[in-house]
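Each chain, letter by letter, is given below.
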Amino acid sequence: MNYSKLEKRFVFDFFNLVNKAKNIVIAGHKSFDDDSIASVLAVYNLLKNKYPQKTVKIIQTGEKANKYKIFKHFNKINFVPDITERLKNIDLLIVLDGNEYRRFTHKVKKLKAFSGKTICIDHHDSPPENFDLSLIIPEVSSCAEIIYLLFYKNSKVNKLLSEILMLGILGDTGNFAYLQPSQTNTLTIVKRLMEVGKIGIQEFQSRYQSISKNTLTIVQELLKNTSFYKIKGWPNFQVTFLTREFAQKNDDDEISEASHLYMTHYLGLVKGHKWGFVITPKSNGAYRISLRSLPKSVNVSNIVGRMGIGGGHDHAAGGTFPAKNKKAKSASNCFNDMLDWFKKHKPVIS
C-alpha cells in the first residue's frame, strides 16, 4: 500500500507489519547525512521502546562516522560494506530517507530479491521501488520531520530524542535556509523540540560539527581547485574537486566535512553562478559527486537521477561514480562524463 500524505491508516499498517515480524532491519541510504542518521535512530528508538522483545537492528552501508556518537543509540548502528550482507532471516526491512534501492546498496539485484516485507518512509521526489508499504511526501522538509509527525507529535518527547529529530531537520533544511513558505509547520515542530531539549542551535551543532585543522586545509584545496564553466543551454556553473593523490593523505570523514562546508558557504554564492558540484574521491576507489543549486535554477536531483548515479532533492543531491567504472580513474574523468552528459541533455529548471 502506497501513501502520499499523513494518514492514521499508514500508522496502523506500519505497526501491523512490525507486529508480524520477529527480526527487523532499519536502514538509511548510503552516503548518509544528518537526516538519514536521525531517521534510523528515531525509528529504532520507537521500535525498541514499543517492542523490547523483538530483534531490531540498524544496518548502514558505509563507513562509521564518529561525529554522530553523541546521539542516543548511535552505537547500535552496524556499518557494513553493503546491507545485503546482513538480511538473511530478516522478516521486515524498513528503509528511510530514500525510495530507490540503489540509494541503499551497491547490489540492487540482490536487494530486490529480498524475500521479507518492506516499508519505506521518505520525502524525495523520485520514482519509488515497489514496497509492501510506503509513505513518500516530498512536500515535507525532512524524513525526520515525517517520523515526528507520524509517531511523536502526540506523545512525550525527551531531551535525547528531541536532539535526534533536530539533527535531521536542521541537516535537511540547511539550518532553515532551504525552507519554503509551504513548510512553516517545520518551525512549529522545531519550537517544541528546542523547548523540550533545551537546545540552543549554535551550541548543539558545535557538539557534532566542530572541524579539525586538516578539514580547513581541505577546504582551502577545494577553493584552489574551483573553476567556472558555461555550457550552451545550461546556466553558468561552478565546479571543484580533489585529486586521489591529495585525498589519499586525508581522512574520508574530513573530506566529507570539507566538501559540506564548501557547498554550504561557497556554492551558489558567486554572482552569475547559481549552481555547481564537488567531485571527491572515496577510499574504496569510487568518486562522490555532491551538487547544490539555488531555487529557480537547475534541478540537480534530476541530473543524477537521469544519469543513474544518485538522487536527492531539487536543489541538493549527490551520487557516486563507482570504482568499477573505468572512466572514473580520476576526478577529471568524472568531470568530463558530466560535461559530455550536459552537452547531450537539457536542464530542468525548478
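About the cut-offs
Residues numbered from 1 in each chain as written. Predicted model: local features only at pLDDT ≥ 70, side-chain atom pairs only at ≥ 80, totals over all residues. Heavy atoms only, no water. Helix = DSSP H or I, 4+ residues; strand = E, 2+ residues; numbered from the N terminus. Rg over C-alpha atoms; globule rule 2.2 N^0.38 Å. Buried < 20%, exposed > 50% of the residue type's maximum accessible area, 1.4 Å probe, protein only. Contact = heavy atoms within 4.5 Å. Lys, Arg positive; Asp, Glu negative; His and termini not counted. Salt bridge = Lys/Arg side-chain N within 4 Å of Asp/Glu carboxyl O. Core = buried A, V, L, I, M, F, W, Y, C linked by side-chain atoms within 4.5 Å. Pairing = 2+ DSSP bridges. Axes fitted to C-alpha atoms, helices over the stretch in contact; angles between N-to-C directions.

Undergrad: What should I look at first to understand the overall build of the protein chain in this one?
TA: Helix and strand content of the protein chain: 12 helices and 13 strands. In terms of C-alpha radius of gyration, the protein chain reaches 20 Å, essentially the compact-globule figure of 20 Å for 350 residues. C-alpha atoms of the protein chain, sized along the principal axes, occupy 55 × 45 × 40 Å. In the protein chain, buried positions account for 54% of the 350 residues. Sequence separation of 24 or more characterises 67% of the internal contacts of the protein chain that already satisfy a separation of 6 or more.

Undergrad: Is there a simple way to think about the side chain of Glu254 in this case?
TA: Tracing the backbone through its elements, the reader meets Glu254 in helix 10 (residues 252-265). Of the side chains bearing the opposite charge, Lys213 lies closest to the buried Glu254, which forms no salt bridge; the N-O distance is 12 Å. Contact partners of Glu254, with chain neighbours within four places excluded, come to Ser212, Asn214, Thr215 and Ile218.

Undergrad: Whenever I open this one, the nonpolar core confuses me. Can you help?
TA: Where a protein is soluble and globular, its nonpolar side chains tend to be buried together. Core analysis: the biggest nonpolar cluster contains 60 residues, and Phe14, Leu47, Ile121 and Tyr152 have the highest contact counts within it. Apart from the residues within four sequence positions on either side, Ile121 is in contact with Phe10, Phe14, Val95, Leu96, Asp97, Gly98, Leu135, Cys143, Ile146, Leu150 and Phe151. Counting residues in hydrophobic clusters, the runner-up holds 24 residues, among them Trp234, Trp275, Tyr287 and Phe321.

Undergrad: Where do I start with the pairing of strand 9 (residues 237-241) in this structure?
TA: Looking down a regular strand, the side chains alternate between one sheet face and the other. The buried fraction of strand 9 is high, at 4 of 5 residues. As judged from the 3 bridges shared by strand 8 (residues 227-229) and strand 9, these two strands associate in the antiparallel manner. The residue bridging Ser227 from the neighbouring strand is Val239, located in strand 9. Note: strand 9 against strand 10 (residues 275-281), 5 bridges, orientation parallel. Considered in strand 10, the bridge of Phe237 is made with Trp275.

Undergrad: Which parts of the structure should I look at to understand the environment of Ala331?
TA: As for its placement among the helices and strands, Ala331 is situated in helix 12 (residues 331-344). Aside from chain neighbours lying at most four places away, what touches Ala331 is Phe241, Leu242, Ile279 and Tyr287.

Undergrad: Help me out: how do you make sense of the environment of Pro295 in this one?
TA: By the element assignment, Pro295 lies in the loop between strand 11 (287-293) and helix 11 (300-307). What makes Pro295 partly exposed here is its relative accessible area of 48%. Each C-alpha atom of the pair Pro295 and His315 lies 6.9 Å from the other, and the pair is 20 residues apart in sequence. Setting aside anything within four residues of it in sequence, one finds Pro295 in contact with His315 and Ser350.

Undergrad: Looking at this structure, how should I read the sheet that holds strand 8?
TA: Hydrogen bonds between backbone groups are what pair the strands of a sheet, and the pairing can be parallel or antiparallel. Taking strand neighbours across the sheet as the criterion, the 6 strands line up as 8-9-10-11-13-12 in an open arrangement whose pairing is mixed. Only two strands of the sheet have a single partner each, and these edge strands are strand 8 and strand 12 (310-313). Direction aside, the axes of adjacent strands within the sheet are offset by 20 degrees on average. Note: strand 10 against strand 11, 7 bridges, orientation antiparallel. Paired with Phe277 across the bridge in strand 11 is Leu291.

Undergrad: When you look at the pattern of salt bridges in this model, what are you seeing that I'm missing?
TA: Two side chains of opposite charge can pair, provided their charged atoms sit close to one another. Within the structure shown, the criterion is met by 7 salt bridges. Ionic pairing is found between Glu100 and Arg102, a salt bridge with its closest N-O pair at 3.1 Å. We classify Glu100 as buried; its relative accessible area is 10%. For Arg102, a relative accessible area of 22% translates into the label partly exposed. Note that Arg207 is salt-bridged to Glu163, the shortest N-O span being 3.0 Å. Placement of the pair is Arg207 in helix 7 (residues 201-209) and Glu163 in helix 5 (residues 159-173), with a sequence separation of 44 residues. You can call Glu163 buried: its relative accessible area is 3%.

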